[in-house]
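# Fold and contact review
Single-letter residue listing:
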Amino acid sequence: MLDWKNCTPGDFSFQIDVEEIQEIGQRQNFPVRVFFKDGSLAFVKSITLRSDFYMQLRQQENWKEKLMEILKRRVREDIDERINSMSMTLDDKLEFMKLGHNAIN
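Residues numbered from 1 in each chain as written. Predicted model: local features only at pLDDT ≥ 70, side-chain atom pairs only at ≥ 80, totals over all residues. Heavy atoms only, no water.

## Let's talk about the overall build of the chain
Let me state the cut-off plainly: Runs of E in the DSSP output that reach at least two residues are strands. Runs of H or I that reach at least four are helices, and both are numbered from the N terminus. In this setup the radius of gyration rests on C-alpha atoms only. A globule is expected at 2.2 Å times the number of residues raised to 0.38. Here the term buried applies to any residue with accessible area under 20% of the maximum for its type, exposed to any over 50%, and partly exposed to those in between, with areas from a 1.4 Å probe on protein chains only. The contact definition used throughout considers only heavy atoms, calling two residues in contact when any of these lie within 4.5 Å. The Shrake-Rupley method, run with a 1.4 Å probe sphere, supplies the accessible areas, and residue values consider only the shown protein chains as cover.
For the chain, the count of helices and strands is three helices and four strands. Here the C-alpha atoms of the chain give a radius of gyration of 19 Å, more than 25% beyond the 13 Å that 2.2 N^0.38 yields for 105 residues. Referenced to the eigenvectors of the C-alpha coordinate spread, the extents of the chain come out at roughly 60 × 40 × 20 Å. Out of the 105 residues belonging to the chain, those deemed buried represent 26%. Sequence-distant contacts, at least 24 apart, represent 43% of the contacts inside the chain between residues at least 6 apart. Surface summary for the chain: the accessible area is close to 8300 Å², and the carbon and sulfur share equals 50%.

## A closer look at the nonpolar core
Formally: Nine residue types can take part in a nonpolar core, namely buried Ala, Val, Leu, Ile, Met, Phe, Trp, Tyr and Cys, and a core is a set of them joined through side-chain atoms within 4.5 Å.
Judged by nonpolar contacts, the single largest core of 20 residues is most densely connected at Phe12, Val34, Leu67 and Ile79. Mapped by element, the contributors of at least two residues to this core are strand S1 (12-16), strand S3 (27-36), strand S4 (41-50), helix H1 (51-58) and helix H2 (63-84). The leading source of residues in this core is H2, at seven residues. With near-sequence residues (within four places) excluded, phenylalanine 12 lies in contact with Leu2, Trp4, Cys7, Val34, Phe35, Phe36, Ala42 and Ile79.

## What to know about the side chain of aspartate 11
Along the chain, aspartate 11 turns up in the segment before S1. With near-sequence residues (within four places) excluded, aspartate 11 lies in contact with Asn6, Phe35, Phe36 and Lys37.

## So, the environment of serine 85
Take serine 85: it is sitting in the loop between H2 and helix H3 (90-99). When the C-alpha positions of serine 85 and lysine 5 are compared, they lie 8.7 Å apart, and in sequence the two are 80 residues distant.

## A short note on H1
Note the following rule: The arc refers to the directions leading from the helix axis to the C-beta atoms.
Within the sequence span of H1, burial applies to Ser51, Tyr54 and Leu57. Down the axis of H1, the smallest arc covering the buried residues is 120 degrees, so these residues share one side. In this fold, the buried residues of H1 make contact with strand S2 (22-24), S3, S4 and H2.

## A closer look at the side chain of aspartate 78
Inspection of the secondary structure assignment puts aspartate 78 in helix H2. Residue contacts for aspartate 78: discarding those within four places in its chain leaves Phe43 and Lys45.

Encoded structure:
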C-alpha cells in the first residue's frame, strides 16, 4: 500500500489499456493503469471524453500528443487528490468500530 502523503506526481507513470478503449453512448472511455516509480500498479482509472470532442480532437494536427496531454492532466489531478486527501487514519477507523452501532432518533 502506498503512503500517499510521501508521494509526488513525478513518482508515477501511466499506460493506456488500448485493448479496452471503447465508445459508450456519447462518451469515449480510456482505461489507464497508473504505476508507482518501482513499477507496481498504483491504481486503475477510466478517463472519459465526450465523443464529439474526441472526434474534433482527431481532426487536429498532432491529435495523439494532445490526447496524451489531456489524459496526463486527468491522471495528475487524480494523483493530486490522493496525495492531498484527508484520509481517516487506521486508529480513527478502529475507534469508530469500537463505538458500535448507534440508534437514529
